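# Chains, contacts and geometry: an overview
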Amino acid sequence: MEKGRVFTLSQVAQHKSKNDCWFIINGRVVDVTKFLEEHPGGEEVLIESAGKDATKEFDDIGHSKAAKQLLLKYQVGFLQGYNRNEGAEFEAGTNAAASKESNKPKEMKAFVIKDDPVPKYKAFLEFFVPLFVAGSFFGYRYLTGATQIGS
């Protein structure tokens, strides 16, 4: 099928079954019927978004560059009214994607190990000083015989 073909939203909406699964990502109409079994997140995720614009879901997951390149492989056309220059980052590589990301506010990535400048002895003190104070209190009470109030 020609990749430059233009589809309407109602045409894409007709393809929402396990045997015929299309959706829209960034204005690209994608036929993922052959990819359903290979999808790492399971075919249910794709079928749930079938027949509609799944751009938000695709971007929220944070797909890899390889996954974004797979869009080109399964692309069957464009959504009517979509500006093809907006999606040029997939063909042009990372240059357009990098420029878009540089305009976004910086977010902390998951699983970042932060170097902690706090000295190691501080953890020792935070644990043992309260333990020492509590032990001292109970030792004082034991030695002074103040085990019962009012005696």
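All values derive from a computational prediction rather than experimental measurement.

## Observations regarding the nonpolar core
One finds C21, F23, I25, V32 and L46 to be the most contacted residues of the largest nonpolar core, which totals 13 residues. Among residues more than four places away in sequence, those in contact with L46 are C21, F23, V32, F35, L36 and H39. In this structure, V29, V76, F78 and L79 belong to the second largest nonpolar core, which totals nine residues.

## Section: the packing of aromatic side chains
Using the criterion set out here, one finds five aromatic pairs in the structure. Relative to F128, the ring of F124 lies with its centre 4.7 Å away and its plane at 45 degrees, an arrangement referred to as tilted. With F124 and F128 both in helix α7 (residues 120-144), this residue pair falls four residues apart, about one helical turn. Take F128: its relative accessible area is 38%, and that puts it in the partly exposed class.

## A short note on the pattern of salt bridges
What the rule picks out here adds up to three salt bridges. Across the salt bridge formed by D60 and K56, the nearest N and O atoms sit 2.9 Å from each other. You can see D60 and its partner K56 sitting in helix α3 (residues 55-61), four residues apart, about one turn around the helix. For the pair D60 and K56, a shared accessibility class is recorded, and that class is exposed.

## Thoughts on the pairing of strand β5 (residues 75-79)
Every regular strand shows the same layout, with side chains that alternate between the two sheet faces. Among the five residues in β5, five count as buried, and that is most of the element. Bridge count between strand β1 (residues 6-7) and β5: two bridges; the pairing is parallel. Its bridge partner lying in β5, F7 is registered against L79.

## Here we look at the side chain of S49
By the element assignment, S49 lies in helix α2 (residues 43-49). Apart from residues no more than four positions distant in its own chain, S49 is found in contact with F23, A54 and E57.

## Some words on the sheet that holds strand β4 (residues 28-31)
If you trace the five strands from one edge of the open sheet to the other, you get β1-β5-β4-β3-β2, paired in mixed fashion. Every interior strand has two partners, whereas the edge strands, β1 and β2 (16-17), have only one.

## Quick notes on the confidence of the model for the chain
Low-pLDDT portions of the prediction should not be read for the details of their coordinates. For the chain, per-residue confidence averages 76 on the pLDDT scale, and 71% of positions sit at 70 or higher. For the chain, the element scoring lowest by mean pLDDT is helix α6 (residues 95-103), at 47; α7 scores highest, at 89. Confidence over residues 92-101 falls short of pLDDT 50; this stretch has five contacts with residues more than four positions distant or in other chains.

## Regarding the side chain of R28
In this fold, R28 is placed in strand β4. Judged by relative accessible area, R28 falls into the buried class, the value being 0%. Reaching out from R28, the side chain makes a polar contact with the side chain of Q75 at a distance of 2.6 Å.

## Topic: a nonpolar patch on the surface
Residues Y121, F124, L125, F127, F128, V129, L131, F132 and V133 make up a contiguous nonpolar surface patch of roughly 960 Å² in combined accessible area. By the element assignment, L125 lies in helix α7. With a relative accessible area of 40%, L125 lands in the partly exposed category.

## Observations regarding the layout of surface pockets
For the second largest pocket, the calculated volume is near 390 Å³. Elements supplying a minimum of two residues to the lining of the second largest pocket: β3 (20-25), α2, α3 and α4 (65-74). When residues of the lining of the second largest pocket are assigned to their parent elements, the largest contribution, four residues, is made by α4. Residue classes in the lining of the second largest pocket are distributed as 15 nonpolar, four polar and one charged.

About the cut-offs
Residues numbered from 1 in each chain as written. Predicted model: local features only at pLDDT ≥ 70, side-chain atom pairs only at ≥ 80, totals over all residues. Heavy atoms only, no water. Core = buried A, V, L, I, M, F, W, Y, C linked by side-chain atoms within 4.5 Å. Buried < 20%, exposed > 50% of the residue type's maximum accessible area, 1.4 Å probe, protein only. Contact = heavy atoms within 4.5 Å. Phe/Tyr/Trp six-rings, centres within 6.5 Å; stacked < 30°, edge-to-face > 60°. Helix = DSSP H or I, 4+ residues; strand = E, 2+ residues; numbered from the N terminus. Salt bridge = Lys/Arg side-chain N within 4 Å of Asp/Glu carboxyl O. Pairing = 2+ DSSP bridges. pLDDT = per-residue confidence, 0-100. Polar contact = N/O pair within 3.5 Å; in protein donor to acceptor, adjacent residues only side chain to side chain. Patch = residues over 30% accessible without salt bridge, like charges linked within 9 Å, V, L, I, M, F, W, Y side chains within 5 Å. Areas by Shrake-Rupley, 256 points an atom, 1.4 Å probe, with all protein chains shown as cover. 1 Å grid on protein atoms, 1.4 Å probe; cavity = no way out; pocket = protein on both sides within 12 Å on 5 of 7 lines; lining within 4 Å. Points joined across faces, edges and corners; volume = space filled by probe spheres on them. Nonpolar A, V, L, I, M, F, W, Y, C, P; charged D, E, K, R; others polar.

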